[in-house]
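Take a look at the letters that make up each chain.
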Amino acid sequence: MAVLIVATGNPGKVKEMAAYLASLGWELRLKPPNLEIEETGHTFLENACLKASQVAKATGEWAIADDSGLEVEALNGEPGIYSARYGNCRSDVERTQHLLTKLADHPNRKAQFVCAIAIAQPDGTIALQSEGICLGEILPAPRGNGGFGYDPVFYLPEHQMTFAEMPAELKNAVSHRGKAFTSLIPQLASAN
Ligand code: IMP
């Protein structure tokens, strides 16, 4: 079974990726804990590529990385690649409140979640990449208890629910991350 190192220190992310990639027979492993990669890219894809490439080179194995976040049209794409550290807030609830305060009662509520995924060969060359986008709107106040991050304010009109109100299987199917993995899997199946 081929080994794929996940360029994250978060075991939850390995579990999530393992579920998406279950059909492919790769053995997913966490990156070594002492290997820190700085996210210096300017786009989600640049960050995913540099994380995958550096982890592959350092371990001599195939590596996978993702990078994702929320882009709000009326805020010129903020928080974007800074989604995880927006406003220097310390929690998801504070970051979401910061976003709502910045957006205030702006009439344009359009937003999208973006997820980029990259897979690098052991020499660090990027072998595969994919991107998924999920369109939605920012509600004036949070709704729902599921998910994480900005989920309670991200509303999908066609489902009449926020991400935080959706059953996990539905979110996985329609989300930016789900779409990015769905387009990656056929490419990955032929590379294994
Ligand atoms: P990363 O891809 O784990 O670095 O995610 C970056 C940040 O984007 C997270 O910390 C969240 O704030 C936000 N984010 C990414 N995907 C989601 C999602 O599916 N729901 C809510 N927030 C998300």
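The rules behind these values
- Residues numbered from 1 in each chain as written.
- Predicted model: local features only at pLDDT ≥ 70, side-chain atom pairs only at ≥ 80, totals over all residues.
- Heavy atoms only, no water.
- Helix = DSSP H or I, 4+ residues; strand = E, 2+ residues; numbered from the N terminus.
- Rg over C-alpha atoms; globule rule 2.2 N^0.38 Å.
- Buried < 20%, exposed > 50% of the residue type's maximum accessible area, 1.4 Å probe, protein only.
- Contact = heavy atoms within 4.5 Å.
- Areas by Shrake-Rupley, 256 points an atom, 1.4 Å probe, with all protein chains shown as cover.
- Expected span 1.5 Å × (residues − 1).
- Pairing = 2+ DSSP bridges.
- Axes fitted to C-alpha atoms, helices over the stretch in contact; angles between N-to-C directions.
- Arc of directions from axis to C-beta.
- Polar contact = N/O pair within 3.5 Å; in protein donor to acceptor, adjacent residues only side chain to side chain.

### Some points on the overall build of the chain
So, point 1. Summing up its helical and strand segments, the chain has five helices and seven strands in all.
So, point 2. When its helices and strands are written in sequence order, the chain yields β-α-β-α-β-α-β-β-β-β-α-α.
So, point 3. Relative to the 2.2 N^0.38 estimate, which gives 16 Å for 192 residues, the radius of gyration of the chain is 17 Å and therefore close to what a compact globule would have.
So, point 4. Principal-axis analysis of the C-alpha atoms places the extent of the chain at approximately 50 × 30 × 25 Å.
So, point 5. Counting over 192 residues, the chain shows a buried share of 46%.
So, point 6. Partitioning the intrachain contacts of the chain with sequence separation of at least 6 by distance along the chain shows that 58% fall at a separation of at least 24.
So, point 7. For the chain, the exposed surface amounts to about 9,500 Å²; the carbon and sulfur share of it is 52%.

### Things to note about helix H2 (residues 44-59)
So, point 1. For H2, which comprises 16 residues, the first-to-last C-alpha distance of 23 Å matches the rise-based estimate of 22 Å (1.5 Å per residue) to within 8%.
So, point 2. When we look at burial in H2, the residues that qualify are Phe44, Asn47, Ala48, Cys49, Leu50, Lys51, Ala52, Ser53, Val55 and Ala56.
So, point 3. Against strand S1 (3-6), strand S3 (62-72), strand S4 (110-120) and strand S5 (126-138) lie the buried residues of H2.

### Observations concerning the sheet that holds strand S2 (residues 27-30)
So, point 1. The seven strands are arranged S2-S1-S3-S4-S5-S6-S7 in an open sheet whose pairing can be described as mixed. Each edge of the open sheet is held by one strand with a lone partner, namely S2 and strand S7 (161-162).
So, point 2. Relative to strand S6 (residues 154-156), S5 runs antiparallel, the two being bridged by two bridges. Counterpart to isoleucine 138 in the pairing with S6 is phenylalanine 154.
So, point 3. Of the strands in this sheet, S1, S2 and S3 touch helix H1 (residues 11-20), which is tilted by about 165° from S2.

### Quick look at H1
So, point 1. What H1 keeps buried is the set Val14, Met17 and Tyr20. All buried residues of H1 lie within an arc of 120° about the axis, which places them on one face of the element. Exposed and oriented more than 90 degrees from the buried face of H1 are Pro11, Lys15 and Ala19.
So, point 2. Between a side-chain oxygen at the N-terminus of H1 and the backbone nitrogen of glycine 12 the separation is 2.8 Å; the capping residue is asparagine 10.

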